[in-house]
Every structure is written in structure tokens, then in C-alpha cells.
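Overview (structure and organization)
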Amino acid sequence: SNLSQAPQKDSLKSFISTLATFSGDLSSLTCPSFLLSSVSLLEYSQYWGDHPKLFASISAGKTPEERLLNCTRWFISTLYGSYSSRATTAGMEKKPYNPILGEQYFAQWTGHEATGDIVLTAEQVSHHPPILGFHLENKKAGVVLEGHCGQKSRFAMPAGIDVHQTGHAIVTLPGHNNETYLITLPSLNIRGIVTGRPSVELSGATYIVSSAGMMASIEYSTRGYFSGERNSFKATLKPLDGGDPFYTAQGVWSGVSTYVDHTEDDDESKLFFDSLEDKAVAPEVKHQNEMGPLESHKLWSKVSNAINTKDYGTASREKSKIEDAQRVLAKNRKERGETQADALKIFILVDEDADATGKTFQILREDLIDAVGTKALREDEKRPHWRLRK
Ligand code: 0T9
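Remember, it's a predicted structure, so these values are computed and weren't measured experimentally. (Residues numbered from 1 in each chain as written. Predicted model: local features only at pLDDT ≥ 70, side-chain atom pairs only at ≥ 80, totals over all residues. Heavy atoms only, no water.)

**Quick look at the overall build of the protein**
- Scanning the protein from terminus to terminus reveals seven helices and 18 strands.
- Here the protein has a C-alpha radius of gyration of 21 Å; the compact-globule value for 390 residues is 21 Å, and the two agree.
- The principal-axis extent of the C-alpha atoms belonging to the protein is close to 65 × 50 × 40 Å.
- By residue count, 51% of the 390 residues in the protein fall in the buried class.
- Averaging the locations of the 43 positively and 49 negatively charged side chains of the protein gives two centres separated by 9 Å. (Helix = DSSP H or I, 4+ residues; strand = E, 2+ residues; numbered from the N terminus. Rg over C-alpha atoms; globule rule 2.2 N^0.38 Å. Buried < 20%, exposed > 50% of the residue type's maximum accessible area, 1.4 Å probe, protein only. Lys, Arg positive; Asp, Glu negative; His and termini not counted. Charge placed at Lys NZ, Arg CZ, Asp CG, Glu CD.)

Below, the structure written as C-alpha cells:
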């Protein structure tokens, strides 16, 4: 009824007016209760594993060109889950919990003998600013994905938010002499806040640079730029030294896309990926009873129960308890002269000069800057990064 919608409208209106003074730290946004999600942002790392077969296929390519194509296809397959699934299935994008420092999320995809299992390990590696670390590995197929990501955002007229992602992802193929792929993360725009149904659009580009001397440039467009459709992309795979493209792909990442193999004479366009047919495979997660206190589902369980029963008073009290406890821990850490990195259990902060993956990263970063200029990576990508503790 109209009566029950009235308070929602009011809180939306005042939320939109606070957006004008928004500081850039998304975690500090106070959202109206109908925009609160009962999921931790750390769990979003599981979208990287939505398509276990495509993840495993990266190492199955016979040539570096084919492996780059498979890597690009797998990457495209992660976009629906990451950027569109919540607005599609829940009706809108909602605000996830801002993970606490050292929060953990474990998941796995098992049961497919031929594909091999994927094990996902994620940890919140920084709270100020918020950064999460993720690691996915399929031992059998020989595919490892590791990376970290954070967000920098600003209010964009009219009542939208532009989000730039810091960090990157790196795919390593141990069975191919540690062939490596550096993947930059797309920028996104949050739209539809005024109507109370936020959703995400991608903008800018993703680059995948391979240590075999080639790269994929994936350009995103919002409705109407190079096609009339929402969520369009165009991918060009070519040698780093400026030679001709060997594959191109285009279409809609939340729908159907096609590709052309330019080394063949016929230039026939074939199916690349069909997001509507090829649905995400949900991972297995432990039951809450078997989880440690830092694991997302366990940690936020009281808040989640309250949100799910629309008891927002309890939700906000339980959330404050968690946040207050974090402030005490941070204060104690400071008194002991410890850093955020000292609180981590799964990931470790590494200096890229002192670390093999760090060195490979530096080389690929230079390759990327030579190929497309500094717009591909910002200054903050030069910071040390995190990797799984050995
Ligand atoms: C890494 C991904 C990221 C996280 C999310 C911006 C956003 C938080 C970050 C970048 C994943 O690999 C991919 C997907 C979606 C991104 C989220 C979309 C979003 O809206 C949230 C932010 C924090 C909000 O929830 C703002 C409130 C919103 C409901 C509109 C007012």
C-alpha cells in the first residue's frame, strides 16, 4: 500500500541529499534499510569461480593465443555474477557489509572429476582503505588466480556514483612454465539511485596482458555507444608489439557474445559465451557450525538474521557491536606498534621487489603501460601487494 511505502520514500530522499556531500569512501555510506544486503562484500570474490569449466579451460589452450582467448572468455563469464546478478535476481543492487580486517571467506567447487576442484580463499587484507584479497586454485587443471581489490569512488551527477577499482588479478599457469596474465579491473557506475533501484554499469576497459607477449583489450560501453544494448563489450586480442589482432570478440556480457578467429580465411563469427545458457555454478560453503569466528557467515550471522527478518534496530545494534570491537582491536594494535598487515592470517603483505610474482607483475605492468599508456593503471597500483602465505 502507499502507506507502507511512505517511510521508504522519505529515507530515500534524505539518502540522496546526503550523497551530495559523499566523501568517496563507500563503506561510510549510510543507506536506507531497504538497500541493506545481508552479504559481506568479501563473498563477492566467489564470482571469480562462477564458471569452473571456463576457469579450468585457460590452461587447456594449445598455444599462448588460445590460452589468452580462454582467459578472456573466462573473465567475461565472471562479469554477470559480479556486476549484474544481484540487480537481476534481487531486483536491485544493495549495500553489502564492509568486511572487518582479517575477515575470511572460504568456498569450493567440487564434484567434477574432469574439470578439477576450485578452492577459494579470501581475506580482508585492509580495513582503511577497504581492500580484499582473493586466491582461487584448480590444482588439477593448473590454474591459479590471485589478486586484491579496493574501491575509490565519487559522487557523479545526477545522483550516481562512479567507482574506480584499485588492485588487479593475476592468473598463473604452473603447467606452462608459470605463464602469467595480469588483469586490470573495470570501473563501474552505480545508477538508478533516484528511483530507489540501484544497478551497476561497467565503463572504461579491462586489459589482460600475458607474459607470452600478447594482450586482450576489453572495452565496455553503456547503452548505445557501440551497440544499442546494455552491458556491451568489444575485445581485441593482439601481440604486444603492435601486430594485427588474432581474435576479436563482441556482444553483451550478460547475454550472448561471438568471436572471430582472424588467422582463418573465412572470418566466420562463432559463439564466444552465452551467459543466459551457461549459468553460474554455486560453490559449496561450510555450515555455520563448522565456521571460525572470522568467517563472513558466522561473523555477521546476528546482523544477517535481523536484516532478513526486517528487524533493522537489532541489525544496527549488532553491527555496531562488531564495529566497536574492531575499534578496540585497532587501538590495541596501534599501541603495540603493529600494522594492519600484522593482523592477517591467510595473506601476507609483500614488497614486489622481494617476491617472484611481484617481479612478474612489475614486468607486465611496464608492458601494459608501453602498450596503452598510464591510463591503464593508476599510481596506486605501484604499491606492494598481498599474496597467500606459503
Ligand atoms: C569486487 C564488485 C565490487 C567488489 C563491488 C561498488 C560496490 C562495492 C564493490 C567492485 C567484486 O569483484 C566486484 C562488484 C560490485 C561492486 C559493488 C556495487 C555497489 O553498489 C557497491 C557499493 C559499496 C554499494 O553498495 C553502494 C550502495 C548502493 C546500494 C547504492 C546506493
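**Topic: the site of the ligand**
- Inspection of the region around the ligand gives 19 residues, with Ser 82, Arg 86, Glu 93, Lys 95 and Ile 190 positioned closest.
- In isolation the ligand offers 630 Å² of accessible surface; the protein chains occlude 97% of this area.
- Its residues assigned to classes, the shell around the ligand shows 12 nonpolar, three polar and four charged. (Near = heavy atom within 4 Å. Areas by Shrake-Rupley, 256 points an atom, 1.4 Å probe, with all protein chains shown as cover. Nonpolar A, V, L, I, M, F, W, Y, C, P; charged D, E, K, R; others polar.)

**Regarding the pattern of salt bridges**
- Throughout the structure, instances matching the rule amount to 14 salt bridges.
- In this structure, Glu 113 and Lys 140 form a salt bridge, with 3.7 Å as the shortest nitrogen-oxygen distance. Of the two residues, Glu 113 is situated in the loop between β3 (104-109) and β4 (118-126) and Lys 140 in the loop between β5 (131-138) and β6 (143-156); the sequence distance between them amounts to 27 residues.
- Judged by relative accessible area, Lys 140 falls into the exposed class, the value being 55%. (Salt bridge = Lys/Arg side-chain N within 4 Å of Asp/Glu carboxyl O.)

**A few points about the packing of aromatic side chains**
- Under the defined criterion, the tally for this structure stands at nine aromatic pairs.
- Arranged with centres 5.2 Å apart and planes meeting at 25 degrees, the rings of Trp 48 and Phe 134 form a pair that is stacked. With Trp 48 in the loop between β1 (36-40) and α2 (52-57) and Phe 134 in strand β5, this pair connects stretches of sequence that are 86 residues apart.
- For Trp 48, a relative accessible area of 12% corresponds to the buried category.
- Through a chain of ring-to-ring contacts, three or more aromatic side chains come together here, namely Trp 48, Phe 55, Trp 74, Phe 75 and Phe 134. (Phe/Tyr/Trp six-rings, centres within 6.5 Å; stacked < 30°, edge-to-face > 60°.)

**Some remarks on a nonpolar patch on the surface**
- Nonpolar side chains collect at one region of the surface, where Val 256, Leu 271 and Leu 276 lie side by side and expose about 290 Å² of accessible area between them.
- Within the secondary structure, Val 256 sits in strand β15 (residues 256-261). (Patch = residues over 30% accessible without salt bridge, like charges linked within 9 Å, V, L, I, M, F, W, Y side chains within 5 Å.)

**Structural notes on the side chain of Arg 333**
- Looking at the element boundaries, Arg 333 is found in helix α6 (residues 312-335).
- Glu 338 provides the closest opposite charge to the buried, salt-bridge-free Arg 333, at an N-O distance of 5.8 Å.
- For Arg 333, the residues in contact, after removing those within four places along its chain, are Leu 101, Glu 338, Thr 339, Gln 340 and Ala 343. (Contact = heavy atoms within 4.5 Å.)

**Quick notes on the layout of surface pockets**
- Of the volumes computed, that of the second largest pocket is approximately 780 Å³.
- Every residue lining the second largest pocket is counted, 34 residues in all, and those nearest its centre are Ser 27, Asn 98, His 127, Lys 319 and Glu 323.
- In the lining of the second largest pocket, the residues fall into 14 nonpolar, 12 polar and eight charged. (1 Å grid on protein atoms, 1.4 Å probe; cavity = no way out; pocket = protein on both sides within 12 Å on 5 of 7 lines; lining within 4 Å. Points joined across faces, edges and corners; volume = space filled by probe spheres on them.)

**Some remarks on the environment of Thr 374**
- Within the secondary structure layout, Thr 374 lies in the loop between α7 (356-372) and β18 (385-388).
- Considering only alpha carbons, one finds Thr 374 and Leu 185, 189 residues apart in sequence, at a separation of 14 Å.

**Focus on the nonpolar core**
- Ranked by internal contacts, the top residues of the largest apolar core, which has 67 residues, are Trp 74 and Val 171.
- Among the elements that make up this core, the one with the highest residue count is helix α3 (residues 64-89) (eight residues).
- Ile 170, Leu 182, Tyr 207 and Ala 376 belong to the second largest nonpolar core, which has 11 residues in total. (Core = buried A, V, L, I, M, F, W, Y, C linked by side-chain atoms within 4.5 Å.)

**Brief notes about the environment of Pro 130**
- Relative to the elements of secondary structure, Pro 130 occurs in the loop between β4 and β5.
- Pro 130 gets classed as buried once you look at its relative accessible area, which sits at 15%.
- Residues Pro 130 and Trp 253, spaced 123 residues apart in sequence, show a C-alpha to C-alpha distance of 27 Å.
- Filtering out sequence-adjacent residues up to four positions away, Pro 130 remains in contact with Asp 25, Ser 27, Asn 98, Gln 124, Cys 149, Gly 150 and Gln 151.

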